[in-house]
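One-letter residues, chain by chain:
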Amino acid sequence: MPTVSDRTRNLGTEHAFVVLAEVNTLIAEGKQILSFAIGQPDFITPGNIMDAAKRAMDDGHTGYTASAGIPELRKAAAEYLSATRGIDYTPEDITVANGAKPFIMYSVLAVTDHGAGHEVLYPTPCFSIYESQIIASGAVPVALPLLEREAFGFDLADLKAKINANTRLLMLNSPHNPTGRTLTREELGAIAEVLADYPECWVFSDEVYSQMVHDEPFVSIASLPGMEERTIVLDGLSKSYAMTGWRLGYAANRLLAPYFTTWVANTDSCANHITQWAGVEAITGDQSEHRAMMDSFTRRRNLIVEGLNTLPGIHCLRPGGAFYVWPNVSELCQRTGCADAEALRKRWLYEANVAVLADSHFGPPVPGEGQHVRFSYAASEDNINQGLEKLRQWIGENGG
Ligand SMILES: Cc1ncc(COP(=O)(O)O)c(C=O)c1O
């Protein structure tokens, strides 16, 4: 009988989709669920971007494109990244793909060899695809726990202890999914200083939430002296322009761009042609709807952090970016008899009809860090208020 490979049987996944399936089942049963589970804007794509896609179809832009992407989009992305990261990118440095996500796999594959003992450092908790792709690629995953006492910032001593001559890649994500933490210029500078002794180590800088910063301007590690050449900058349109289902992302790195292009040729041939023209409009066209969306995330961040901190047994830091908060629910779990954050998540979903993700959806638990859940506040202010009220009621009824 034919068998399935270990690599495939053991492949990780994105748990948000698993919870989404639970939510959809409950909705189909007629339940009203307030969902804070999925990381996608609750807005529809701005009208000028939709119009550009319609024009692209009318103009017959329906065939394959070059695997690296259409020249117009590579130029737009290079100019945007140059302006926002203070680096002189050219269109040749840019590779376009169907979303930012494929570059997680392409990056690990481009800089590590299967079974060669090449190590990849990645933060935990993190977007779960990092770990699954490191393992599936046959590289060695080395977790760098993000600690609450450091507001989920980087533990430099841990980085120094774990980086070595076999380390081929350091994965960074700022603003961060799931904690919402943004790394400051000083923190990035300290990381760059450690890397100076390890010239073989690339940096994968996942910047898909770079336009969602609430307090301080965004800083890319690629902007720091000596970092541009060795850093893969990843950005995309999903989050910033409410285009999750369109699938469009891009990566910038001079040396790796031709290799990424070959990976695109081996997988998708090219990114969706119509979407690429929509992407040109997103980056170069009118930004007013985009700006209004970004402003709303800041208001929602303030609302949800304040609200969560009024709930018994919950403590929530005030993160600087993305659209996530990562409250500590250890005390609430204890008071309500929930063994862990996953047990609490399930009870919130089935008893209070409020959907969130648990810490176990973002990698192995960090010892001593307690229990956390992730709220995505890509939800209206009204839904945030209703969700908080439902939780307050549930806590009151369950001994919290
Ligand atoms: C940290 C991070 N990187 C990458 C992605 C993938 O984004 P895309 O929809 O552009 O593939 C996500 C999506 O949730 C994310 O949270």
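Source: prediction; values computed, not measured. (Residues numbered from 1 in each chain as written. Predicted model: local features only at pLDDT ≥ 70, side-chain atom pairs only at ≥ 80, totals over all residues.)

### Overview of the sheet that holds strand S9 (residues 324-325)
Next up, step 1: An order of S9-S12-S11 is seen for the 3 strands of this open sheet, with the pairing classed as antiparallel. Bordering the open sheet on either side are S9 and strand S11 (357-358), each of which pairs with just one other strand.
Next up, step 2: As judged from the 2 bridges shared by S9 and strand S12 (residues 373-376), these two strands associate in the antiparallel manner. Within S12, the residue paired with Tyr324 across the bridge is Ser376. (Pairing = 2+ DSSP bridges. Helix = DSSP H or I, 4+ residues; strand = E, 2+ residues; numbered from the N terminus.)

### Here's the deal with the site of the ligand
Next up, step 1: Not every one of the 13 residues close to the ligand is listed here, only the nearest: Gly99, Ala100, Lys101, Gly236 and Ser238.
Next up, step 2: Looking at side-chain class alone, the shell around the ligand contains 3 nonpolar, 8 polar and 2 charged residues. (Near = placed C-beta within 6 Å. Nonpolar A, V, L, I, M, F, W, Y, C, P; charged D, E, K, R; others polar.)

### Quick look at the nonpolar core
Next up, step 1: Ranked by size, the top nonpolar core spans 115 residues in total, and within it Tyr122, Leu169, Met171, Val203, Phe260, Val356 and Tyr377 carry the most contacts.
Next up, step 2: Per-element accounting of this core gives the leading share, 6 residues, to helix H5 (residues 102-111).
Next up, step 3: Mapping this core onto the domain boundaries places at least three of its residues in each of domain 1 (6-44 + 289-397) and domain 2 (63-284).
Next up, step 4: Leave out the neighbours within four places in its chain, and Tyr377 touches Phe36, Arg300, Arg301, Ile304, Phe323, Val325 and Ile384. (Core = buried A, V, L, I, M, F, W, Y, C linked by C-beta atoms within 7 Å. Buried ≥ 20, exposed ≤ 12 C-beta atoms within 10 Å, placed from the backbone. Domains from an automatic or database assignment. Contact = placed C-beta atoms within 7 Å.)

### Quick look at the pairing of strand S8 (residues 249-252)
Next up, step 1: Burial of the side chains of S8 extends over both faces: Gly249 and Ala251 are buried on one face and Tyr250 and Ala252 on the other.
Next up, step 2: Relative to S8, strand S2 (residues 94-97) is paired through 4 bridges, and the arrangement is antiparallel. In the strand pairing of S8, Val96 is matched with Tyr250.
Next up, step 3: Across 4 bridges, strand S7 (residues 231-236) lies against S8 in antiparallel orientation. Residue pairing across strands places Val233 opposite Ala252, the latter belonging to S8.

### Here's the deal with unusual backbone geometry
Next up, step 1: At the junction of Thr124 and Pro125, the peptide bond is cis and its omega measures out at 5° in the coordinates.
Next up, step 2: In this structure, Pro125 sits in the loop between strand S3 (119-124) and helix H6 (129-136).
Next up, step 3: Cis geometry is found at the peptide bond from Ser174 to Pro175, where omega equals -15°.
Next up, step 4: Topologically, Pro175 is positioned in the loop between strand S5 (167-173) and helix H8 (185-195).
Next up, step 5: Positive phi values are uncommon outside glycine, yet Ala151 reaches one of about 55°.
Next up, step 6: In this structure, Ala151 sits in the loop between strand S4 (140-145) and helix H7 (156-162).

### Re the domain arrangement of the protein
Next up, step 1: By domain assignment, the protein separates into domain 1 (6-44 + 289-397) and domain 2 (63-284).
Next up, step 2: Each of domain 1 and domain 2 has a C-alpha centre, and the two are 25 Å apart.
Next up, step 3: The interface of domain 1 with domain 2 comprises 36 residues on the first partner and 35 residues on the second.
Next up, step 4: Contributing elements (two or more residues each) for the side of domain 1 that touches domain 2: helix H11 (288-308) and S9.
Next up, step 5: It is H11 that provides the largest number of residues to the side of domain 1 that touches domain 2, a total of 6 residues.

### Details of the packing of H11 against helix H14 (residues 381-397)
Pairs of packed helices are described in terms of their axes, by the angle between the two and the distance that separates them.
Next up, step 1: Remark: H11 packs on H14, axes separated minimally by 10 Å, with the N-to-C direction vectors making an angle of 10°. It follows from the interaxial angle that H11 and H14 lie roughly parallel. The residues of H14 that touch H11, namely those facing Arg299, Arg300, Leu303, Ile304 and Gly307, are Glu381, Ile384 and Leu388.
Next up, step 2: Taken together, the residues of the contact of H11 with H14 break down into 4 nonpolar, 1 polar and 3 charged. (Axes fitted to C-alpha atoms, helices over the stretch in contact; angles between N-to-C directions. Parallel < 35°, antiparallel > 145°, perpendicular 65-115°, else oblique.)

### Here's the deal with the environment of Arg347
Next up, step 1: When you line up the elements, Arg347 lands in helix H13 (residues 341-352).
Next up, step 2: In the structure, Arg347 is positioned 29 residues away from Arg318 in sequence and 25 Å away in space, judged by C-alpha atoms.

### Here we look at the sheet that holds S2
Next up, step 1: Read from one edge to the other, the open sheet built from 7 strands follows the order S2-S8-S7-S6-S5-S3-S4, with strand pairing classed as mixed. Strands with a single pairing partner mark the edges of an open sheet, and in this sheet they are S2 and S4. On average, each strand axis in the sheet is inclined to that of its neighbour by 20°, with strand direction left out of account.
Next up, step 2: The pairing of strand S6 (residues 202-206) with S7 spans 4 bridges and is parallel. Considered in S7, the bridge of Ser205 is made with Val233.
Next up, step 3: Lying over the sheet, H5 contacts S2, S3, S5, S6, S7 and S8, oriented at roughly 160° with respect to S5.

### Thoughts on H13
A turn of α-helix holds 3.6 residues, and therefore any two residues three or four places apart point the same way.
Next up, step 1: Along H13, the residues classified as buried are Ala341, Leu344, Arg345, Trp348, Leu349 and Ala352. Buried residues in H13, looked at end-on, bunch into an arc of 135°, giving them a common side. Facing away from the buried surface of H13 by more than 90 degrees, the exposed residues are Tyr350 and Glu351.
Next up, step 2: Here the buried face of H13 lies against helix H2 (15-28), helix H12 (330-336), strand S10 (354-355), S11, S12 and H14.
Next up, step 3: Following H13 by one or two positions, Asn353 has its phi on the positive side, about 60°. (Arc of directions from axis to C-beta.)

### Thoughts on helix H9 (residues 257-267)
Next up, step 1: Along H9, the positions that sit buried rather than exposed are Ala257, Phe260, Thr261, Trp263 and Val264. The buried side chains of H9 occupy one side of the element, clustering within an arc of 160° when seen end-on. The outward face of H9, more than 90 degrees from its buried face, is lined by the exposed residues Pro258 and Asn266.
Next up, step 2: Of the residues one or two after H9, Ser269 is the one with positive phi, at around 70°.

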